[in-house]
Structure formats: structure tokens, C-alpha cells
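Here is how the chains run, residue by residue.
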Amino acid sequence: MKTRSFTSPVWLGIGELLPWVRQLCPALLLLIIIRPAFAIAAEEKNVLILDTYSAGDQSTALLESDLRRGSSWHINFYVENIEVWRFDDQGYERALFESLERVYRGRKLDVVMTRAYPALQFAVKFRDQLFPGVPIVFYQVAAERMMGRKWPGVTGEMWGANFLGGTIDLALRLHPDTDTIAVIANDSKFDQYWVGRLHAELGSRPKLSVIDLVGLPPSELLTKVAALPPRTVILFQETPQRSGDQRAAGYYEALSLAEHHRPTYCSFARFCVGHGGIGGIGTDVPKQMLRIAGLARRVLSGERPDDIPIVNDTEQLAEFDLNELRYWKIKESALPAGSVILNREPTPFQRYRSYIIDAVAIFVLQAFLIVGLLWQRSRKRKAEAVLRESEKRFRVMADTTPSLIWMCDEKGQITYLNDRRLAFTSADHSEVGYGDAWTAYVYPDDLPHVMDSLSWALKSQQSFSKEYRLRRHDGEYRWMFDVASPRVNGDGSFAGFIGSAIDVTDQKLAHEALEKVGGRLIEAQEEERRRIARELHDDISQKLILLSMEIAQANANGSADEIRDRLEVVRQHCSDVADDVQSLSHQLHSARLDYLGVSAAIRGYCIELGKQYSIDIRCMTEEIPAGLPRNVSLCLFRVAQEALHNATKYSGTRELAVNLRATGNYVLLAISDTGVGFDLDDPENKNGLGLVSMRERVHLIGGHFHIESALGKGTQVKVSVPVNIPRCVSDGDSSGQTNAVAGAA
């Protein structure tokens, strides 16, 4: 069983939505602001409603709301109330026509909607004069009124249900001992029609007596009602026209008096339920208005009314007043299924529904806010933990890296230095380089360049690099290569720079030394060429000239013994030239090394060098394992060659010693003399070209090179080479540096 209050469904729905409307105020405000822009562009439609009834329900308001809902037009409604009870006055119809003509002359109407038959009859009668060609949509017209009537350009919905008979049957069902029906109605033409219908329905029930209380003044009506016999049921047919006028006041006064004397039922439930009537059979007005709005919308869309069939509403709805049911002790279970009960005492939830909904909404919103805050707090804690872990990893990485890490802000002020940077400039960390203090550690001549680079980077916010000298904690200035990149804040703004500096002093010194070594190698190569040229010119060339002269003398006349002696001298000179060429060839490259091995090559070179310079070289060599890589053999031979050459040139002694032996996986070579020696700490002696060439050769094949020397105590060169290393120098000794060293040797 349905229940609802007497309040109109439209206002009830709006009341329930008010809390949500308040919560959606910002969105509604935006809609109000932008709505005029859409309204300007929307097409306008003008709708005139001729309303027969002017009080007691909200049908017209429902119709306007339903028609506007879902329409793309801007609809202007004009409502005119017709006082149907005044149609008895001969001049009222004409006065109404003239009033409407003055108001709507020249106004374009898109559709005229009429409620009940009197309004429809008036609209059809005066359509050509008031609104020619305008389609008409009617509603709440009894089907009996439409019998045999059809007008062009007219469509709508009529009542096909027998509401009067249904109301009588309902009253007799709830009051089975009823024997008399009292009919209360106005004497207007409109009510007279319905009184006639009531009499027709009551005539089909001959066991009932009928008492007509039609057209009585209020005072007489009250007297007649008070005198009604027992077992009488009152049927109220009277309809008020204007709220607040005398007729309406008498209507409701009579209804209020009747409800206390006899059970009262309503021919039109919407007018008397809630004012003293128990109930009646009617129609579901909200559904009916929704259907009528659909018909009107079709007509406004351009559809011809003649193509739209007239709807026949046969639905019935029983409505009751709960207070009257209780007064007359009628049980709800006796009511027809689907009945609507009005004025039911609302439950606490219904009474405080808006407050409960607001409270629940606020509670849910607060719950969501609390959950959101807790979730946000959890995320924040996780983010902070991740940030702390990230900062910890960064500091561990920054403090353990061999680079000097620093950070500055957007103004160039130093804000962070890692441990290595602090330890580099200050042994006890008592002096740090935060802020501008770092400039005190930069070499004065380099500071302007460093500041210019930093100033340009702060303006351009781009990465940069620079080289400068930085004072170490021991006072020594070291060359630093510094690379910096920009940092950004969480919002993307510039936060400063982070930089990393490394000590490149050793690399710079090595580069300078390499440049010097390259120049000295070129000088050594040229010197070697000059030496070979001198030997060829001063020795071999002179001997060849002398040999040529002696051959010429040998061809001169003389005795056989003289010629033999001359040829013997020529042979001896040829042998000397061959020995000199062979010695020079061995200095450049020893053929014994390729065919006899490193031991034989070193022994042969010692013999040749001893003969050439008349010195005593003790050469002790053991058999070296076969298969010694050629690059190892060449390295050992060149080291021995260079060491013996240096000893012969600088030691000042005539006794040298060479020891070559194999032990385990190593080949050991030692060259020693008992000469004047030299100071190893002297940079000129330590970085001599001969020593550099020997050291580089040995390191190239993974060996170890060591020199022991002191002033007045001779010199000893020791080489240790693994015999199972991969070959690092080609067999042809094609390395440019190796060739240069070999040439210098």
C-alpha cells in the first residue's frame, strides 16, 4: 500500500533535494552564471494554459516542470484561469474573450493547452479569433464529453475511467449498511453535468435513496447536513474555483461539517481529501502530467496534432486521508490494493529526513576526509622514509666516492660538501668552505676565471666545467677538473648546482712528461741517425776509400811478393769493414735473436761491444726454455743493449757483468757495473730517456723493472719477466714508440 503526504510531489522532491543543492552550491552558482549564455542561443516557445480549476492541486505546476524537463527550448508559460461557474452569466464568456484578445493580440503562441471540457470548448469556439492556426492539446476531459467530437489541430488525453461509479462502489464497500447517498454540489453548468452523471450511476443502484443538496447557500447547507439520516454517505461533487473567495470558503466549511456527521467521499479526490473527505477514486496526476507534457513536446517539435492519436486514460487511483480513516475506524487492510494514504504521521526518519541526510552526508564526508587524511599521512610517511633513505644513500655515495662533491644554492652559496672535500682542504675539518669561504682555497690567479664561469652558469642555469688549482690541507695547490649540473626544486624552479671535482694534477704532469718524452725521442732518433751517419762517413766510408786506394796500388807494377803483401792488407781492411758493418747491423737488429735465441744474441752482443770498446764484459747465460715469445726475447735483448750502452758511456769502468737465467715461470736479467753510479732521486737521472725506454718496454710485456744505484757504488739493472704472458708487441716490433726506443738504443 502506497503512502504519501498531502504535499505536492513536486515540492516534496525539491525539499528532499535541498540538502544536496546546498552542498552543490558552487556547481549551481557556475550553472547560474553560464545559463544565460545557453538561454540566449536556445529557441523560445510560448505555451498558453487555460485552466478550468484554480485551487486544490498542483497540476499546472507539474505540467510546466515536466514540459521544461528534457526540452531544448526556452519555454514561456502563460496561465489563464477560467471561472467555469460564471459561464451562466451571459456576458462572462464575451468578457473573457475580449480580455484574452487584448492580452495575446499579436503574440505568437506555439501551443494552447486546455484543462477540462469547459476550457477546451471555449478554446475551440474562439480559436480562429484569438489564436488562429495554433494547435490545441487538452487534458482531464471526460470521455463522454468527446463522443462524436473531433476538431482539426486538436489532440490530448481524456478520462476513460468511471471515477464516479468507482467512488460509489468504494463507499458502499467500506460502509456496507449504507442506504442513502447525499449529493453536495454547486449549481453551475459544470457541476450540474457531473451531478447528472452521479444520478445516472445511482439510478443503476435502486436500493439506495438519494438526497440532493445542490446549489444551497452555506448556511442552509450546514443545516441540511446536520439533519441527514443515519446510514447516509455523502458524495462531494462541488469544486472550488478561486482560493480565498466566499464560494471556496463555504465549500470547505460545509465539507468540514459533513465529515463529523456522516462519512464523506469525493467525486474529485484531489479537491476534498485532506479537507474532511475520507477518499475517492481518481487518477495519478503526476503520471498524467508527464504524459500530457510528452504530447505537448511532440506538438512543439513540429508534429501535426491530427497525426497524434488521442490518449484514453483508464487508470484509477484510490486516495484516502489517514485521519479520516482513523476517525471512522476504517482499517487499512480493507482498502483496495495500491491505495495511496495521505497525511500519514511521518516516521522520525521522514520527519527529520533532511537533517538525517545532511548528518549522514556530513558523516560520510568526514569519514572520507579522515580516510583521505590517514591515507595521505601514510603516503607522506612513506615518501619521507624513501626520501630519508635516498638522502642516506646519497650521502654514503657522496662520502665514499673519490670525487669532491659540492652543492650550491641559486645564489652560488655553498650548502653542502662531502667528507672528501672537507678532508681535502682541512685535515681537522676546523675550516670549511661553506657560503663564500670556498674562494679562499682557490689559487688567486685562477679565482677570476672560476667566478666568471659560476656567474655565467647561474644566469644561464646550464651545466658547466672548469679547471683550477685548489689548496690542499698541506698547503700544496692541486689541479682540479670540476663538472657541475643544475638542480631543480619539486615545483621545477632552479635550486642551484651540484658539482664533482677530481684531482688531475698527476694526469697533467704525466701529459707534460709525455710531451717532453716525445720531444726527447725525436731528438734521440735524430742523434742516432747522426751517429750512424758519422760512423758510416768517418769510419766505414774512410776505410772503403782507403781500401779503394790500396786496391789501385795493388794493381800497380811490382814483384809478386809486393803484390801479395798489398792484397793481404786489402783483405785485412775488407775484413775490418765487414766487422764494422756487422757491428752496426747488430746494434740496429740482431739476426742471432731470430735464429739462435736471446741467450746467444746477448752473448754475441757482449763480445762485439767488448771488442769495440776494449772492455771486459762477463756474460753468464743459462739456457732459456724454448718457445719464449719473440716480444719477450726482443725486450730482454733491447734492455741488455741499452743498459750495456749506458754503462759503457757513463759508468767510467771497464768491467761489466751480465746475468741471464730462468727460474720457475720467470726469466731474470741483471746488468751491473762497478762504476761511478748516479743519484736516483735526481729527476734528470730518474726520467732519462734510456731508463724510460727500458722501463716502458718491460711494463709493456707485464714484467718488473728495477734499478739500484748510488754515487760511487755502481749501478745494477734488474728485469723480471713472466714467460707465459700473451704477446703484447708484434713480431715485427711495429709500435711507433718501440721503434723509436729501439732506434734510440
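Visitor: Quick one: what's the story with helix H17 (residues 447-460), residue by residue and with numbers?
Guide: Within an α-helix, residues lying three or four positions from one another point in the same direction, as the helix has 3.6 residues per turn. In this model, H17 (14 residues) spans 20 Å end to end at C-alpha, consistent with the 20 Å of a helix rising 1.5 Å per residue. Buried within H17 we find Val450, Ser453, Leu454, Ala457 and Leu458. Down the axis of H17, the buried set is contained in an arc of 130 degrees. They therefore lie on one face. Turned more than 90 degrees away from the buried face of H17 sit Asp452 and Lys459, all of them exposed. Of the surrounding elements, those touching the buried residues of H17 are strand S17 (464-471) and strand S19 (494-503).

Visitor: How would you sum up the pattern of salt bridges? Please name residues and give values.
Guide: Inspection of every chain in the model, using the stated rule, returns 27 salt bridges. Residue Asp307 pairs with Arg304 through a salt bridge whose shortest N-O separation is 3.0 Å. Asp307 gets classed as partly exposed once you look at its relative accessible area, which sits at 47%. By relative accessible area, Arg304 is classed as partly exposed at 45%. The salt bridge partner of Asp506 is Arg478, with a shortest N-O separation of 3.5 Å. Taken as a pair, Asp506 in helix H18 (residues 505-554) and Arg478 in strand S18 (residues 477-488) lie far apart in primary sequence, 28 residues in all.

Visitor: Tell me about the sheet that holds strand S15 (residues 404-408), and name the residues and values.
Guide: Strand order in the open sheet formed by five strands is S16-S15-S19-S18-S17, with antiparallel pairing between adjacent strands. Of all the strands in the sheet, the pair left with one neighbour each is strand S16 (414-417) and S17. Here the average twist between neighbouring strands, direction ignored, is 25 degrees. For S18 and S19, the ladder comprises nine bridges, and the chain directions are antiparallel. Bridge pairing in S19 links Val488 to Phe494.

Visitor: Could you give me a rundown of the nonpolar core, with the residues and numbers involved?
Guide: Residues Leu50, Leu120 and Phe122 are the most contacted members of the largest nonpolar core, which totals 62 residues. Beyond its immediate chain neighbours, meaning those up to four positions away, Leu120 contacts Thr114, Ile136, Phe138, Val141, Met146, Trp151 and Val154.

Cut-offs and rules
- Residues numbered from 1 in each chain as written.
- Predicted model: local features only at pLDDT ≥ 70, side-chain atom pairs only at ≥ 80, totals over all residues.
- Heavy atoms only, no water.
- Helix = DSSP H or I, 4+ residues; strand = E, 2+ residues; numbered from the N terminus.
- Expected span 1.5 Å × (residues − 1).
- Buried < 20%, exposed > 50% of the residue type's maximum accessible area, 1.4 Å probe, protein only.
- Arc of directions from axis to C-beta.
- Contact = heavy atoms within 4.5 Å.
- Salt bridge = Lys/Arg side-chain N within 4 Å of Asp/Glu carboxyl O.
- Pairing = 2+ DSSP bridges.
- Axes fitted to C-alpha atoms, helices over the stretch in contact; angles between N-to-C directions.
- Core = buried A, V, L, I, M, F, W, Y, C linked by side-chain atoms within 4.5 Å.

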